[in-house]
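# Examining the three-dimensional arrangement
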Amino acid sequence: MTAPSSPLLSPRPLLIAGPCSAESERQVLTTAEILRRDTAVQIFRAGVWKPRTKPGGFEGVGEPALAWLDKVKSETGMPVATEVAVPRHVEATADHGIDLLWIGARTSADPFAMQELADAIGRLCPDTPVLVKNPVVADIELWIGAIERLRDAGVRNIGAIHRGFRSLGHDVYRNHPRWSVPLELHRRLPQLPLLCDPSHIGGRRDLISPLARTAMDMGFDGLIIETHPDPDSALSDKDQQVTPQYLAEILRNLRHRSSRTATDEPLRQFRLQIDQLDSELLEILARRMAVSKEIGDYKRRHGIPVVQTERYENVLLSRIASAADMGMSEEFIEKLFASIHEESIQNQL
Ligand code: PEP
Ligand code: MN
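Here goes a summary of the coordinates provided. Only a predicted model underlies this, so the values are computations on that prediction, with no experimental measurement involved.

A word on the coordination of the manganese ion (ligand 2). All of the protein donors around the manganese ion (ligand 2) are Cys20 (SG), His200 (NE2), Glu226 (OE) and Asp237 (OD); their distances to the metal are 2.0 to 2.4 Å. Look at where the donors of the manganese ion (ligand 2) fall in the sequence and you get C-x179-H-x25-E-x10-D. Of this pair, Cys20 sits in the loop between strand E1 (14-18) and helix H1 (25-38) while Glu226 sits in strand E8 (residues 222-226); the two residues are 206 residues apart in sequence, bridging distant segments of the chain. Per residue, the accessibility class of Cys20 equals that of Glu226, and both read buried.

Next up on the list: the nonpolar core. Residues Phe44, Leu69, Ile121, Leu150, Leu185 and Leu223 are the most contacted members of the largest nonpolar core, which totals 65 residues. What Ile121 contacts, discounting residues up to four positions off in sequence, is Val84, Val90, Leu101, Ile103, Pro126, Val130, Leu150 and Val155. Of all hydrophobic cores here, the second largest spans eleven residues; its members include Leu9, Leu100, Leu131 and Leu195.

The next subject is the site of ligand 1. Every residue near ligand 1 is listed here: Cys20, Arg45, Lys50, Glu83, Trp102, Gly104, Ala105, Arg106, Lys133, Arg163, His200 and Glu226. Between ligand 1 and Lys133, the relevant distance is 2.8 Å, taken from an oxygen atom to a side-chain nitrogen or oxygen of the residue. One of the side-chain nitrogen or oxygen atoms of Glu226 is found 3.2 Å away from an oxygen atom of ligand 1. Alone, ligand 1 offers 300 Å² of accessible surface; in the complex the protein occludes 98% of this. Looking at the shell around ligand 1, its residues break down into three nonpolar, two polar and seven charged.

Relative to the helices and strands, Asp99 is located in the loop between helix H3 (87-96) and strand E4 (100-103). With residues up to four places along the chain from it excluded, the contact list for Asp99 reads Leu8, Lys73, Pro79, Val80, Thr128 and Pro129.

Further remarks concern helix H10 (residues 265-302). Over its 38 residues, H10 extends 56 Å from the first C-alpha to the last, a length consistent with the 56 Å expected when each residue adds 1.5 Å. All of the buried residues in H10 are Met289, Ser292, Gly296 and Lys299. Its side-chain oxygen placed 3.3 Å from the backbone nitrogen of Leu267, Asp264 serves as the N-cap of H10.

All right, on to the packing of aromatic side chains then. Two descriptors summarise a pair of aromatic rings, namely the distance from one centre to the other and the angle between the planes of the rings. If you walk through the whole model with that rule in mind, you get one aromatic pair. For the ring pair Trp179 and Phe220, a centre distance of 5.8 Å and an interplane angle of 75° mean the geometry is edge-to-face. With Trp179 in the loop between strand E6 (158-162) and helix H6 (180-188) and Phe220 in the loop between helix H8 (205-218) and E8, this pair connects stretches of sequence that are 41 residues apart. On the basis of relative accessible area, Phe220 is assigned to the buried category, the value being 3%.

On to a nonpolar patch on the surface. Together, Met326, Met328, Phe332 and Leu336 make up an exposed nonpolar region whose accessible area comes to about 390 Å². When you line up the elements, Met326 lands in the loop between helix H11 (309-325) and helix H12 (330-348). Met326 gets classed as exposed once you look at its relative accessible area, which sits at 61%.

As a further point, take the sheet that holds strand E7 (residues 194-196). Overall, parallel pairing links the eight strands, which are arranged E1-E2-E3-E4-E5-E6-E7-E8 in a closed barrel. When the angles between neighbouring strand axes are averaged without regard to direction, this sheet yields 25°. Bridge count for E1 against E8 is five bridges, and the pairing is parallel. What sits directly across from Gly18, in E8, is Glu226.

Residues in a regular strand point their side chains to alternate faces of the sheet. Side chains Val130 and Val132 project from strand E5 (residues 130-133) onto one buried face, and the interleaved Leu131 and Lys133 project onto a second face that is buried too. Two strands pair when backbone bridges link them, and E4 and E5 are joined in this way by three bridges, in the parallel orientation. Paired with Ile103 across the bridge in E5 is Val132. As for the winding sense of the linkage, the β-α-β connection from E4 through helix H4 (residues 111-124) to E5 is right-handed. In this structure, E5 lies alongside E6, joined through four bridges in parallel fashion. In the sheet register, Val130 faces E6, and the bridge partner there is Ile158. Handedness of the crossover joining E5 and E6 through helix H5 (residues 140-152): right-handed.

Reading the values: rules and limits
Here, residues in each chain are numbered from 1, in the same order as that chain's written sequence. Chains and ligands are labelled by the order in which they are written, letters from A for the one and numbers from 1 for the other. Per-residue local features are limited, in this predicted model, to residues with pLDDT of at least 70; the limit for side-chain atom pairs, both in listing and counting, is 80 or more; totals at the level of whole chains, interfaces and linings are taken over all residues. The side-chain values count all of the structure's non-hydrogen atoms but skip hydrogen atoms and water molecules. We call an atom a donor if it is N, O or S and sits within 2.8 Å of the metal, or 3.2 Å for Na, K and Ca. Water is not counted, so some sites may look partial. Helix numbers and strand numbers start at the N terminus; a helix is a DSSP run of H or I with at least 4 residues, a strand a run of E with at least 2. Three labels apply to residues, based on accessible area from a 1.4 Å probe with only protein chains included: buried if under 20% of the type maximum, exposed if over 50%, partly exposed otherwise in between. Here the nonpolar core consists of buried residues drawn from Ala, Val, Leu, Ile, Met, Phe, Trp, Tyr and Cys, with membership extended through side-chain atoms lying within 4.5 Å. Whether two residues are in contact is decided by their heavy atoms: any pair within 4.5 Å suffices. We call a residue near a given molecule or strand whenever any one of its heavy atoms falls within 4 Å of it. By the criterion applied in these results, polar contacts are pairs of N or O atoms within 3.5 Å in which, for protein atoms, one can donate a hydrogen and the other can accept it, and in which residues neighboring in sequence qualify only through two side-chain atoms. Here the Shrake-Rupley method, with its probe set to 1.4 Å, supplies the accessible areas, and only the displayed protein chains count as covering residues. In this classification, the charged set is Asp, Glu, Lys and Arg, the nonpolar set is Ala, Val, Leu, Ile, Met, Phe, Trp, Tyr, Cys and Pro, and all remaining amino acids, among them Gly, are polar. Residue count minus one, scaled by 1.5 Å, sets the expected span of a helix. Only the six-membered ring of Trp is used, alongside the rings of Phe and Tyr, when aromatic pairs are assigned; centres must lie within 6.5 Å, and planes under 30 degrees apart are stacked while those over 60 apart are edge-to-face, with the rest tilted. Exposure above 30% relative accessible area and no salt bridge define the residues that can form patches, which grow by joining like charges within 9 Å and nonpolar side chains of Val, Leu, Ile, Met, Phe, Trp and Tyr within 5 Å. Whenever a carboxyl oxygen of Asp or Glu lies within 4 Å of a side-chain nitrogen of Lys or Arg, that contact is scored as a salt bridge. Here, any two strands with at least 2 DSSP bridges between them count as paired. Between the N-to-C directions of two axes lies an angle of 0 to 180 degrees, each axis being a line fitted to C-alpha atoms and, for a helix, fitted only over the stretch in contact. A crossover counts as right-handed when, viewed with the strands pointing away from the observer, the path leading from the first strand over the helix to the second turns clockwise.

Below, the structure written as structure tokens:
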């Protein structure tokens with residue numbers, strides 16, 4: 001995948017903000033004016049057609065709101081962005097010269113919808129930058145598939161947005177970040193600009209700032225954040241929208257990390273230490289597997305079943321306790337030992 005050439009996608013950090021939904025001309029213009037005046041936000045976002053999980057909610061104003069975005073452009077000079085989900089939306093946004101499109105998490109999860117959308121964008125506005133949100137479920141192949149459909153349809157400027165993943169458990173997050181997934185996307189498609197959407201990950205105002213900071217520290221290329229002049233009265237996603245004034249404060253406290261790494265000597269030294277420690281870790285794991293294999297032979301000779309739940313429970317509890325003393329999290333050690341145990345069992349079978 002070649003790097004996108006649109007200047008719209010080049011600033012670092014790339015900052016996009018605006019309301020979840022365009023609700024009125026006044027709400028849209030007020031928000032845009034404050035963003036223009038008080039923040040470094042480069043692109044204005046507003047949802048015009050809202051894909052709601054369940055029927056009965058506010059589904060967006062639709063086409064009339066595109067005229068408000070035209071006005072944002074003419075009055076503030078900011079480029080404007082909105083979500084498209086079906087070819088009809090692409091026709092309307094192309095008629096209005098909307099500068100950037102994004103594809104929502106429910107659409108990127110549906111290959112048929114994605115194909116129709118990709119064909120429409122490729123036909124009507126192949127140079128308009130398109131940002132693809134991750135699908136609602138943590139399926140990286142589906143996410144990459146959506147990106148490939150756009151690329152194959154001739155769309156030239158593509159980026160991605162990490163907006164977290166729906167999970168069954170009760171979480172602090174509305175959509176769990178599972179950072180390893182966007183990091184894997186970055187490993188597979190290093191040229192692709194990758195933004196973070198802390199609003200839909202957090203689902204709560206107080207989580208926006210820490211999530212935005214984490215994303216910047218990880219090296220994301222930018223952020224897309226929902227903002228509303230009066231969040232409590234917002235017609236969609238009210239719990240996660242922040243006022244433009246508060247957004248300005250969040251952004252002032254952010255530090256974007258540039259990627260000057262190749263010549264950094266202290267960093268090189270740290271990495272040498274990590275390389276050394278990793279090789280010791282691998283050696284110890286290999287020795288552990290060898291002992292486990294001997295145990296497997298012993299169990300086979302003496303007719304003892306491979307899996308001994310009680311022993312595993314004890315191992316896990318004692319490792320978690322020791323790890324806690326060393327300042328490591330329970331969740332991490334549990335995952336690590338679950339994986340080691342699974343491999344040991346495979347070897348013993
Ligand atoms: C949005 O950006 O307003 C939106 C609907 O997001 P998502 O597709 O991530 O739920
Ligand atoms: Mn929203």
